Amino acid sequence: MGKFPCQKCGECCKHIGASPFAKDLALPSGICKFLDLETNLCRQYSHRPIFCNVDRFYDVFLSDYLSRDEYYKQNKEVCNLLGKAKGIEQNEK
C-alpha cells in the first residue's frame, strides 16, 4: 500500500469549504476548523475525517474503480493548482 506524498502546505485545508463533502468542517472563511494556521498541520490528524485521509478514502471508496496511481495523480494535480495559486512550489514525487 502506498502513501500519498503530501507536502503539508495546508492549501487543501484552507479550501475545504469549496468541497461539497466537507462543508461541516469549514469555518465561514472556508478554512478547515481543525487546521493550525501557524504550522499548517491538522490539530486532530490521527482522528481526521476519512475525506481528509487520501489513502484511506481511496481504500474504502475508490479502489474498485480507479488505480491508486491514477488517484494520486489526480490529487497531485489539485495540489499543484492550489499551490501555484499561492506561489508554492510542489515536489514532483
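What you see is a predicted model, and the numbers here were worked out from it, not measured in a lab. (Residues numbered from 1 in each chain as written. Predicted model: local features only at pLDDT ≥ 70, side-chain atom pairs only at ≥ 80, totals over all residues. Heavy atoms only, no water.)

(A) Layout of the nonpolar core. Core analysis: the biggest nonpolar cluster contains 7 residues, these being Ile 16, Ala 22, Leu 25, Ile 31, Cys 32, Phe 34 and Leu 35. The residues touching Ile 16, leaving out its near neighbours within four places in the chain, are Ala 22, Leu 25, Ala 26, Gly 30, Ile 31, Cys 32 and Phe 51. Counting 6 residues, the second largest nonpolar core, distinct from the first, contains Phe 4, Val 54, Tyr 58 and Tyr 72. (Core = buried A, V, L, I, M, F, W, Y, C linked by side-chain atoms within 4.5 Å. Buried < 20%, exposed > 50% of the residue type's maximum accessible area, 1.4 Å probe, protein only. Contact = heavy atoms within 4.5 Å.)

(B) Fine view of the packing of aromatic side chains. Enumeration according to the criterion identifies 4 aromatic pairs in this entry. Their ring planes at 85° and their centres at 6.4 Å tell us that Phe 51 and Phe 57 sit as a pair that is edge-to-face. You can call Phe 51 partly exposed: its relative accessible area is 27%. In textbook terms, an aromatic cluster arises when at least three aromatic residues are bridged by ring pairs, as seen for Phe 51, Phe 57 and Phe 61. (Phe/Tyr/Trp six-rings, centres within 6.5 Å; stacked < 30°, edge-to-face > 60°.)

(C) Up close: the pattern of salt bridges. Counted by the stated rule, this structure contains 3 salt bridges. Through salt bridges with shared partners, a single network forms among Asp 55, Asp 59 and Arg 68. (Salt bridge = Lys/Arg side-chain N within 4 Å of Asp/Glu carboxyl O.)

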